[in-house]
Amino acid sequence: MGRAEGRVPPVDDGSFEAFVRDNQAELLRFFQGRVTQAQDAADLAQESWTRLMRYWGKQPPDAMRHLLFSIARNLLNNHWRWSRLRQIEQPTDFAEFDVVSEHPDLERQLQGRHSLQRLEEAIVALPPKCRTVFLLSRVEGLSNGEIARRCGISVKMVEKHLARAIVKCRAQVGDWGA
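Residues numbered from 1 in each chain as written. Predicted model: local features only at pLDDT ≥ 70, side-chain atom pairs only at ≥ 80, totals over all residues. Heavy atoms only, no water.

Peer 1: An account of the packing of aromatic side chains is requested, with residue identities and associated values reported.
Peer 2: Here the structure, examined in full by the defined rule, presents six aromatic pairs. Taken together, a centroid distance of 5.1 Å and an interplanar angle of 85 degrees make the contact between Phe-16 and Trp-56 edge-to-face. Residue Phe-16 is located in helix H1 (residues 16-32), and its partner Trp-56 is located in the loop between helix H2 (38-53) and helix H3 (64-88); the two are separated by 40 residues in the primary sequence. Between Phe-19 and Trp-56, the ring centres sit 5.3 Å apart and the planes meet at 50 degrees, which makes this aromatic pair tilted. Here Trp-56 lies in the loop between H2 and H3 and Phe-19 lies in helix H1, a separation of 37 residues in the sequence. Three or more aromatic residues link up through ring pairs in this structure, and these residues are Phe-16, Phe-19, Trp-49 and Trp-56. (Phe/Tyr/Trp six-rings, centres within 6.5 Å; stacked < 30°, edge-to-face > 60°. Helix = DSSP H or I, 4+ residues; strand = E, 2+ residues; numbered from the N terminus.)

Set out below in structure tokens:
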């Protein structure tokens, strides 16, 4: 590690401030290469540090750098999701549409509730490891590699659990997203 990999060796005082100094430039570069606005990169870096503070002193010091960049990847994934949603939600002139109500009709609401209930039942019925993998992927937004490390299984096994969960959920609810 250290200079051989292009990183500055850490300051030995063990403080959070020293850890920030040692890793701030690399964290900013990580975000700057993946977002379009410099302010977004700075905001994401700041949020990464804020979230990492919750774990400071509770995790082994050698795990903190890995944890920092795991937090950063998750924040980046969330940033991209919200960016896509904002693009979809661009203002539209609804004057040309004949809109009776801003709420879905009762039948559509009931269908939605029924589908959600069937999905919840399908997820609860999954085997425990399969359910955990599915929730970490679809709710927490973790990558297959992160799930594998967290669950102590191979990436291939994560893929098999996800495939099984998706097949069972689609069988229970249908293919509503496609």
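Peer 1: Give me H2: which residues, what numbers.
Peer 2: Across its 16 residues, H2 extends 23 Å between first and last C-alpha, which sits within 8% of the 22 Å expected from 1.5 Å per residue. Among the residues of H2, those classed as buried are Ala-41, Leu-44, Ala-45, Ser-48, Trp-49 and Leu-52. For H2, the arc enclosing every buried residue in end-on projection is 140 degrees, short of the 170-degree limit, so these residues lie on one face. When the buried face of H2 is taken as reference, the exposed residues oriented beyond 90 degrees from it are Gln-39 and Met-53. (Expected span 1.5 Å × (residues − 1). Buried < 20%, exposed > 50% of the residue type's maximum accessible area, 1.4 Å probe, protein only. Arc of directions from axis to C-beta.)

Peer 1: Could you give an account of the state of the cysteines, naming the residues involved and the relevant values?
Peer 2: Per the stated rule, a full pass over the model turns up zero disulfides. Free cysteine: Cys-130, not disulfide-bonded; nearest cysteine sulfur from Cys-169 at 8.2 Å. (Disulfide = S-S within 2.5 Å.)

Peer 1: Provide a residue-level description of the packing of helix H5 (residues 128-138) against helix H6 (residues 144-151), including the pertinent values.
Peer 2: Orientation of H5 relative to H6, taken along the N-to-C sense of each, is 140 degrees, at an axis distance of 10 Å. The angle between the axes of H5 and H6 places the two elements in the oblique class. Regarding H5 and H6, the two cross each other, and that crossing is right-handed. Contacts between H5 and H6 involve Lys-129, Thr-132, Val-133, Leu-136 and Ser-137 from the former and Ile-147, Arg-150 and Cys-151 from the latter. In the contact of H5 with H6, the residues fall into four nonpolar, two polar and two charged. (Axes fitted to C-alpha atoms, helices over the stretch in contact; angles between N-to-C directions. Parallel < 35°, antiparallel > 145°, perpendicular 65-115°, else oblique. Left-handed = near helix turned anticlockwise from the far one by under 90°. Contact = heavy atoms within 4.5 Å. Nonpolar A, V, L, I, M, F, W, Y, C, P; charged D, E, K, R; others polar.)

Peer 1: How would you sum up the pattern of salt bridges? Please name residues and give values.
Peer 2: Across all of its chains, the model carries four salt bridges by this definition. Residue Glu-26 is joined to Arg-65 by a salt bridge in which the shortest nitrogen-to-oxygen separation is 2.4 Å. With a gap of 39 residues between them, Glu-26 in helix H1 and Arg-65 in helix H3 connect regions that are remote in the sequence. Here Glu-26 falls in the partly exposed class, since its relative accessible area comes to 25%. Here Glu-146 makes a salt bridge to Arg-73, at a shortest N to O gap of 3.4 Å. (Salt bridge = Lys/Arg side-chain N within 4 Å of Asp/Glu carboxyl O.)

Peer 1: Describe the environment of Ser-48, and please don't skip the residues or the numbers.
Peer 2: Structurally, Ser-48 is set in helix H2. The exposure class of Ser-48 is buried, given its relative accessible area of 0%. For the pair Ser-48 and Phe-69, spaced 21 residues apart in sequence, the C-alpha separation works out to 8.2 Å. Excluding residues within four positions of it along the chain, Ser-48 makes contact with Leu-27, Phe-31, Leu-68, Ile-71, Ala-72 and Leu-75.

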